[in-house]
Amino acid sequence: MVPYASRLFLGSCMPSNLHVLPTGQGEVTFHYQYNECKMKKLLKGKHIIYQTEMSYRPQAKPKPAAFVQPIKCVIKRPGDWVPHFLNPGSGLSEGRSGLVFHMALLNEQMTGIAKTNIITLGSFMPIWAAVEQKSHQPLLLLMEECVAATTAELQYGSQVYPLISNKGCLLESVRGNSKFLPRYHTSAIILYLQSFKFGLGEEVYIHCKLVAWDPESLDESKKTCHFIKETESWELLDDPLQSSLCSCCESTCKSRAKRGVHWASGSLSHNSVVGPLIIVERPDLKANSTAVGSASAAVQFRKSSVQADGDSGPVAD
């Protein structure tokens, strides 16, 4: 193998250097960061694990490798290490297809993850979500359904407050001043959500069904719509000229057959959650305020499920 050492790979990385020993055998060294070489990061107990494969390919792809050896690097977590999804107001989850979805509360300047989960009533909560492109074709990330709840898991009988429903219609843009911000990339979205009275003073969780979709196949069931009060009309975030797709937000938006790309089963959607968030009254208003219930718009949670065709999700009744 010595003359062909360049055909040895650690994940997607080639050897950093080769040293020929007096015996004629070779010693190959790979020197890379853990976020290189297509390493997968896993969290298990008190350890952080990075996994990849070492392969020897004497012939170019698509010819199979002569051998493949699993490689695992195990690191003990630092004592003060906190996983990303346990930081206040942030979440990370991976779908069945390997698509990695992110959802988090940003700070007021939207320059990073929020360092506090205390929200003043009436102020804005930038909820950021993204899906990692990886080797997939360009993806458009949609927030198909979102509800606020006082529990980290949705169950039968849970009290919820609908935020986005009807296949991507932002209800809070009608009731308040919430909106979607212009995208910086198709695979990410920011919901500029105005805080509400539901769950005031309690722990509140934002549950969203995130959908990764073909950017060229928007329809009434795959869209991002918010209400523009100046024009008193619904607008499609990704193409205002196609805002007619949002007209069903006042009635019922029906699902349509998939168009364009054929997606693998289970690869489209994932339920994500951000929280706990604690919404509190402004100090100058608290003295004059009276006891307020959870919110008249609170409803009973009926069903929560995820399907590849996007027909199911958090549903309020």
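Residues numbered from 1 in each chain as written. Predicted model: local features only at pLDDT ≥ 70, side-chain atom pairs only at ≥ 80, totals over all residues. Heavy atoms only, no water.

1. Some remarks on the overall build of the protein
Just so we agree on the cut-off: A run of H or I in DSSP counts as a helix once it spans at least four residues, and a run of E counts as a strand once it spans at least two, with each numbered from the N terminus. For every residue, the accessible area (1.4 Å probe, protein chains only) is compared with the maximum for its type, and the residue is labelled buried under 20%, exposed over 50%, or partly exposed between those bounds. Contacts are residue-level and defined by heavy atoms, with any inter-residue pair within 4.5 Å sufficient. In these tables, accessible area is a Shrake-Rupley quantity obtained with a 1.4 Å probe, and a residue counts as shielded only by the protein chains included in the view.
Broken down by element type, the protein carries two helices and 21 strands. Classification of the 317 residues of the protein by burial places 41% in the buried group. A separation threshold of at least 6 residues defines the contact pool for the protein, and within that pool the share at least 24 residues apart is 63%. Summed over all atoms, the accessible surface of the protein reaches about 17,500 Å², with 53% contributed by carbon and sulfur.

2. Let's talk about the state of the cysteines
As a reminder of what qualifies: Disulfides are defined in this document as cysteine sulfur pairs within 2.5 Å.
Scanning the model with the defined rule gives five disulfides in all. The disulfide partner of C13 is C37, and the S-S distance across this bridge is 2.1 Å. Disulfide C13-C37: the torsion about the S-S bond is -105°, which places it as left-handed. Of this pair, C13 sits in the loop between β1 (8–10) and β2 (17–20) while C37 sits in the loop between β3 (26–29) and β4 (40–44), placing them 24 residues apart in sequence. Side by side, C13 and C37 carry an identical accessibility label, which is buried. Here C169 engages in a disulfide with C249; their sulfurs sit 2.0 Å apart. Residues C169 and C249 share a disulfide whose torsion about the S-S bond is about -80°; that sign makes it left-handed. With C169 in strand β13 (residues 169–170) and C249 in the loop between β18 (233–236) and β19 (269–280), the pair connects residues that are 80 residues apart, well separated along the chain. By relative accessible area, which is 0% here, C169 ends up buried. A relative accessible area of 10% places C249 in the buried class.

3. Observations regarding the nonpolar core
Applied cut-off: Nine residue types can take part in a nonpolar core, namely buried Ala, Val, Leu, Ile, Met, Phe, Trp, Tyr and Cys, and a core is a set of them joined through side-chain atoms within 4.5 Å.
Counting residues in hydrophobic clusters, the biggest one holds 34 residues, and the most contacted among them are M143, F196 and I206. A per-element tally of this core places strand β16 (residues 203–213) first, with five residues. If near-sequence neighbours (up to four positions away) are discounted, M143 is found in contact with M103, I127, A129, I164, G168, F180, I189, L191, K209 and L210. With 16 residues, the next largest nonpolar core counts C169, V211, W213 and C248 among its residues.

4. Details of the packing of aromatic side chains
Condition: Pairing of aromatic rings covers Phe, Tyr and the six-membered ring of Trp, with a centre-to-centre limit of 6.5 Å; geometry is then stacked below 30 degrees between planes, edge-to-face above 60, and tilted otherwise.
Tallied over the full model, the rule gives six aromatic pairs. When the centroid spacing of 5.1 Å and the interplanar angle of 40° are considered together, the rings of Y161 and F196 count as tilted. Note that Y161 is positioned in strand β12 (residues 159–165) and F196 in the loop between β15 (188–194) and β16, a separation of 35 residues in sequence. Here Y161 matches F196 in class, with each residue buried. Ring geometry for Y161 against F198: centres 5.7 Å apart, planes inclined by 10°, an arrangement best described as stacked. Residue Y161 is found in strand β12, and its partner F198 is found in the loop between β15 and β16; the two are separated by 37 residues along the sequence. Residue Y161 shares its accessibility class with F198, and that shared class is buried.

5. What about the environment of V174?
The residue V174 is located in helix α1 (residues 172–175) in this model. Judged by relative accessible area, V174 falls into the partly exposed class, the value being 42%. Considered as a pair, V174 and K229 are 55 residues apart in the sequence and their alpha carbons are 7.7 Å apart. Not counting chain neighbours up to four residues away, the residues in contact with V174 comprise F227, K229 and W234.

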